[in-house]
Amino acid sequence: MRNLASVQRILSLKPIENADSIELAKVLGWNVVVKKGEFNVGDLVVYCEIDSIMPEKEEFEFLRPRNFRIKTARLRGQISQGICFHTSILPNTIILEEGLDVTDNIGVRKYEAEEYNGNMPKTRAGLKPKGNFPYFIPKTDETRVQVLYSLLNENKNALCYVSEKLDGSSITMYYNEGTFGVCSRNLDLYENSENIFWNAALSNVSSNSSKNFRDIITEYCASNNRNLAFQSELIGPSTQGNKYKLSKNTIRIFTIFDIDNQCPLNFHEFKSLLEELQIEHVPIIMEDYVLESDIDDIVKYLATRKSKLNNSVWAEGVVVRPIEHTKFSFKVINPEFLLKNNE
């Protein structure tokens, strides 16, 4: 689970060029601009991640112009992600401990667009949920690299592959015990060609194929006695403002989850199966990335890049996974993408 607000330690403080009143703090793997002299190295602070919505309380009133939302910002040329508060904002009954999750204590909630409500936007028209996301498939949400310092050190030099993280709508297509299903990020959906998810699943996989995703996945799984979930990104005119300027909606697979064995396929199996089925995966940036432990370098040199789908726009970021096994994976968000899209 993502801890939106937690007790963390100021690891370092550095000056910012041409800035007299602010300096750069390092918290976990995040760079955070703070007022000069407000904190010292080693101090415990309350750190709130980007996408946190702070409660409408007096101590957070200065955030009202931003609707109390914490976003990525650039201050005097320095990118800042998150915000630090003195621990005095916490109830005095709390015993301070580094890493302590205080999200509920403060009343912080996560920012996310509503997926299904009474005022559904046009692109979500026709969604008819038959239930929550299936229990036998993990949801598609990677952990950000900035909170994984220990993991990076433990797995340093592991051979990994790097794929582009696409900015669209999460779609999972699954075949399980004879049933084909389609899910949005949080919901299992009744078949309805009017909604973008089922419409995409019923579309031809490419201009060279007369078969749709449902037919191909069902035929393969039934013939091979396998239960699989194809976790993917739906991109195109109907999602996220069509940042890649595509002419039609399309699905790109980023993980194939083996439902029977409760694990993702490794890279070679993943790539081989999609080639066999003639289904496209997300753009692969590197197949021989040797994992390093410097988070700033990973963000700067690995994730800060233009999209493989459209070189005129920033990529949302990348996802890093080991080649041979599936013990870990994480995402690295491109800060330029966040700034460009006011996130």
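Residues numbered from 1 in each chain as written. Predicted model: local features only at pLDDT ≥ 70, side-chain atom pairs only at ≥ 80, totals over all residues. Heavy atoms only, no water.

## Quick word on the sheet that holds strand E20 (residues 330-333)
Here is step 1: With respect to topology, four strands assemble into an open sheet ordered E18-E11-E19-E20, the strand pairing being antiparallel. Both outer strands of the open sheet, strand E18 (284-290) and E20, are each paired with one neighbouring strand and no more. Within the sheet, the average angular offset between the axes of one strand and its neighbour, ignoring direction, is 25°.
Here is step 2: In the sheet, strand E19 (residues 317-322) pairs with E20 via four bridges, with the strands oriented antiparallel. (Pairing = 2+ DSSP bridges. Helix = DSSP H or I, 4+ residues; strand = E, 2+ residues; numbered from the N terminus. Axes fitted to C-alpha atoms, helices over the stretch in contact; angles between N-to-C directions.)

## Some remarks on helix H6 (residues 295-303)
Here is step 1: Looking at H6, one finds that the buried residues are Ile295, Ile298, Val299, Leu302 and Ala303. Along the axis of H6, the buried positions cluster into a sector of 110°, meaning they face one direction only. Opposite the buried face of H6, at more than 90 degrees from it, the exposed residues are Lys300 and Tyr301.
Here is step 2: Buried residues along H6 sit against helix H2 (149-154), strand E11 (159-165), E18, E19, E20 and helix H7 (335-340).
Here is step 3: Of the residues flanking the start of H6, the one acting as N-cap is aspartate 294, its side-chain oxygen 3.1 Å from the backbone nitrogen of aspartate 296. (Buried < 20%, exposed > 50% of the residue type's maximum accessible area, 1.4 Å probe, protein only. Arc of directions from axis to C-beta. Contact = heavy atoms within 4.5 Å. Polar contact = N/O pair within 3.5 Å; in protein donor to acceptor, adjacent residues only side chain to side chain.)

## A look at the environment of histidine 281
Here is step 1: Locating histidine 281 in the fold gives a position in the loop between helix H5 (267-277) and E18.
Here is step 2: Between the alpha carbons of histidine 281 and phenylalanine 254 there is a distance of 5.9 Å; along the sequence they are 27 residues apart.
Here is step 3: The residues contacting histidine 281, other than those within four sequence positions of it, are Arg252, Ile253, Phe270, Lys271 and Leu274.

## Some points on the nonpolar core
Here is step 1: Membership of the largest hydrophobic core comes to 35 residues, with the highest contact counts inside it found for Met173, Phe230, Ile253 and Ile256.
Here is step 2: When contributions to this core are tallied by element, the ones reaching two or more residues are strand E12 (169-176), strand E13 (179-183), strand E14 (187-189), helix H3 (196-201), helix H4 (213-224), strand E15 (228-235), strand E16 (250-258) and H5.
Here is step 3: Those residues in contact with isoleucine 253 that lie beyond four places of it in its chain are Met173, Phe230, Gln231, Ser232, Phe270, Leu274, Ile279, Glu280, His281 and Val282.
Here is step 4: By size, the runner-up hydrophobic cluster in this structure holds 22 residues, among which are Val46, Ile50, Ile70 and Ile83. (Core = buried A, V, L, I, M, F, W, Y, C linked by side-chain atoms within 4.5 Å.)

## Quick look at the sheet that holds E16
Here is step 1: The strand order E10-E14-E13-E12-E15-E16-E17 describes an open sheet built from seven strands, whose pairing is antiparallel. Among the strands making up the open sheet, the edge pair consists of strand E10 (129-132) and strand E17 (263-264).
Here is step 2: Alignment of E12 against E13, held across five bridges, turns out to be antiparallel. Looking at E13, one finds that tyrosine 174 is bridged to glycine 181.

## Here we look at the pattern of salt bridges
Here is step 1: Taken as a whole, this structure holds 16 salt bridges when the rule is applied.
Here is step 2: A salt bridge links arginine 64 to glutamate 61, with the shortest nitrogen-to-oxygen separation between them at 2.4 Å.
Here is step 3: A salt bridge links lysine 331 to aspartate 141, with the shortest nitrogen-to-oxygen separation between them at 3.3 Å. Taken as a pair, lysine 331 in strand E20 and aspartate 141 in the loop between E10 and H2 lie far apart in primary sequence, 190 residues in all.
Here is step 4: On the accessibility criterion, lysine 331 (10% relative accessible area) is buried.
Here is step 5: A cluster of three or more residues bridged by salt bridges with shared partners is formed by Asp51, Arg69 and Arg144. (Salt bridge = Lys/Arg side-chain N within 4 Å of Asp/Glu carboxyl O.)

## A look at the packing of aromatic side chains
Here is step 1: Scanning the model with the defined rule gives eight aromatic pairs in all.
Here is step 2: Seen in terms of ring centroids, phenylalanine 180 and tryptophan 198 are 5.8 Å apart; in terms of plane orientation they differ by 75°. Their pairing is edge-to-face. Taken together, the residues span a long stretch of sequence, with phenylalanine 180 in strand E13 and tryptophan 198 in helix H3 at a distance of 18 residues.
Here is step 3: Among the residues examined, phenylalanine 180 registers a relative accessible area of 11% and is labelled buried.
Here is step 4: When its relative accessible area of 3% is taken as the criterion, tryptophan 198 is described as buried.
Here is step 5: Geometrically, the ring pair formed by phenylalanine 328 and phenylalanine 330 is stacked, given 6.5 Å between the ring centres and 10° between the ring planes.
Here is step 6: Taken together, the ring pairs in this structure connect Phe60, Phe62 and Phe85 into an aromatic cluster.
Here is step 7: Note that lysine 306 overlies the ring of tryptophan 314, its terminal NZ or CZ placed 5.0 Å from the centroid. (Phe/Tyr/Trp six-rings, centres within 6.5 Å; stacked < 30°, edge-to-face > 60°. Lys NZ or Arg CZ within 6 Å of the ring centre and 35° of its normal.)

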